[in-house]
Amino acid sequence: MDILVQLASWQITPPLIEHPPLFTCDAADNLLLERPGTRLKNLFLRDNYGRRHALLLTTPHKQVDLKALSTQLGWSRIGFASAERLDKYLGVQPGHVSVLALVNDAANQDVELWLDKDLIEGDDFHCHPLRNTATVLLSKADLAHFTAQTGHTPQWIEVPERDER
């Protein structure tokens, strides 16, 4: 699927920035690109039983306390989903994850979307267009329009951070 064509069909035409492959937030830091907008860390999560899945968007350097998040949301032991689950539910490989991958879950609605409240003032969110060799800058309005098109209602949540002691 060409996600940019799909976005355009929904009247979403974000700027596109091409760059070398970026698999992690640290790799993006090392590239030293000056890009406007709000950088994101994208975490694909599952419950202990593998029955529930969520895509969490948070700030790039936040160390999420998954145990506290599990308790807070009433999920049984949240953990990182495998590469196989990532492919099955979002149709992308590790390092290529972004909110735009929810386009591959539009029919099934198997993945919840969680947005860290620390991002609420952000705009022009950095998103991989299903590949990690480019970034699109998705405005907050375009993000809302995109999630409405895919049927994913964002849940703004307080994301607990690990104590680094």
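Before any of the text, the structure's been laid out above.
Bear in mind that the values here come from a model prediction, so they are computed numbers and not experimental data.

Asker: Just to check I follow, could you spell out the overall build of the chain for this structure?
Answerer: Counting its regular elements, the chain contains five helices and eight strands. In terms of overall size, the chain behaves like a compact globule, its C-alpha atoms giving a radius of gyration of 15 Å where 165 residues would be expected to give roughly 15 Å. For the chain, the spread of C-alpha atoms along the three principal axes comes to 40 × 40 × 30 Å. Of all 165 residues assigned to the chain, the portion counted as buried reaches 47%. Working note: accessible area of the chain is about 8,500 Å², and carbon and sulfur atoms make up 49% of it. Each charge sign in the chain was given a centre, from 16 positive and 22 negative side chains, and these centres are 8 Å apart.

Asker: I keep staring at helix α5 (residues 140-150) and nothing clicks. Help me out?
Answerer: Three or four residues apart is the spacing at which side chains of an α-helix point the same way, because the helix has 3.6 residues per turn. Within the span of α5, buried status applies to D142, L143, F146, T147 and T150. Down the axis, α5 shows its buried residues gathered within 130° of arc, on one side only. Residues of α5 that are exposed and point more than 90 degrees away from the buried face comprise A141 and A148. Contacts from the buried residues of α5 go to α1 (3-9), β5 (111-116), β6 (125-127), β7 (134-138) and β8 (154-157). A positive backbone phi angle near 80° is found at G151, which sits one or two residues after α5.

What counts and how
Residues numbered from 1 in each chain as written. Predicted model: local features only at pLDDT ≥ 70, side-chain atom pairs only at ≥ 80, totals over all residues. Heavy atoms only, no water. Helix = DSSP H or I, 4+ residues; strand = E, 2+ residues; numbered from the N terminus. Rg over C-alpha atoms; globule rule 2.2 N^0.38 Å. Buried < 20%, exposed > 50% of the residue type's maximum accessible area, 1.4 Å probe, protein only. Areas by Shrake-Rupley, 256 points an atom, 1.4 Å probe, with all protein chains shown as cover. Lys, Arg positive; Asp, Glu negative; His and termini not counted. Charge placed at Lys NZ, Arg CZ, Asp CG, Glu CD. Arc of directions from axis to C-beta. Contact = heavy atoms within 4.5 Å.

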